[in-house]
Amino acid sequence: MSEAEILTRIAGLTPDRLTLCVTRAWVRPRLSDAGQVFDDTDLARLRLIVELSEDMAVSDETMPLILNLLDEVTTLRRRMRSLDAALGAEGLRERLRMRLLAMHEQA
């Protein structure tokens, strides 16, 4: 998506705000011969940024902290899904679940 498409798709996103988001690396569009190109991840992140700043009054100084925490949560979820899939593939998921339940009951 081009800059113009992004601005059309996200209510409340101004060209200046988009420039700020790119300058501060809150989104990282790729560069093409036609200019900056945004993907669906950038679109979702920009919608979140607008919601945080407009609806929740999150300041530009606080925004990196929130975005970093959300990135960490996303990474942890992805790792947990991978771990769960690996445990399932090895037939260990149920054994581990039972072990965790036993540990929880002892605590």
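Residues numbered from 1 in each chain as written. Predicted model: local features only at pLDDT ≥ 70, side-chain atom pairs only at ≥ 80, totals over all residues. Heavy atoms only, no water.

1. Thoughts on the overall build of the chain
At step 1: The secondary structure content of the chain amounts to five helices and two strands.
At step 2: Reading the chain from its N end, one meets helices and strands in the order α-α-β-β-α-α-α.
At step 3: The globule rule puts the C-alpha radius of gyration for 107 residues at 13 Å, and the 20 Å found for the chain is more than 25% above it.
At step 4: The dimensions of the chain, computed from C-alpha atoms along their principal axes, are 55 × 35 × 20 Å.
At step 5: For the chain, long-range pairs separated by at least 24 residues make up 46% of all intrachain contacts whose partners lie at least 6 apart in sequence. (Helix = DSSP H or I, 4+ residues; strand = E, 2+ residues; numbered from the N terminus. Rg over C-alpha atoms; globule rule 2.2 N^0.38 Å. Contact = heavy atoms within 4.5 Å.)

2. Description of the nonpolar core
At step 1: Counting 19 residues, the largest nonpolar core has Ile6, Phe38 and Leu46 as its most contacted members.
At step 2: Broken down by secondary-structure element, the contributors of at least two residues to this core are α2 (15–23), α3 (40–55) and α4 (63–89).
At step 3: Broken down by element, the residue count for this core peaks at five residues, all from α3.
At step 4: If we ignore the near neighbours within four places in the chain, the residues touching Ile6 are Met1, Leu13, Leu18, Phe38, Leu43 and Leu46. (Core = buried A, V, L, I, M, F, W, Y, C linked by side-chain atoms within 4.5 Å. Buried < 20%, exposed > 50% of the residue type's maximum accessible area, 1.4 Å probe, protein only.)

3. Some thoughts on the side chain of Asp42
At step 1: By the secondary structure assignment, Asp42 is in helix α3.
At step 2: Look past the residues within four positions of Asp42 in its chain and what remains in contact with it is Val27, Arg28, Pro29 and Val37.

4. A short note on the pattern of salt bridges
At step 1: Within the structure shown, the criterion is met by four salt bridges.
At step 2: Among the salt bridges present, the one from Arg45 reaches Asp71, with a minimum N-O distance of 2.7 Å. Here Asp71 lies in helix α4 and Arg45 lies in helix α3, a separation of 26 residues in the sequence.
At step 3: Owing to a relative accessible area of 31%, Asp71 belongs among the partly exposed residues under this scheme.
At step 4: Arg93 serves as the salt-bridge partner of Asp84, at 2.9 Å between the closest nitrogen and oxygen.
At step 5: Judged by relative accessible area, which is 37%, Asp84 ranks as partly exposed.
At step 6: On the basis of relative accessible area, Arg93 is assigned to the partly exposed category, the value being 39%. (Salt bridge = Lys/Arg side-chain N within 4 Å of Asp/Glu carboxyl O.)

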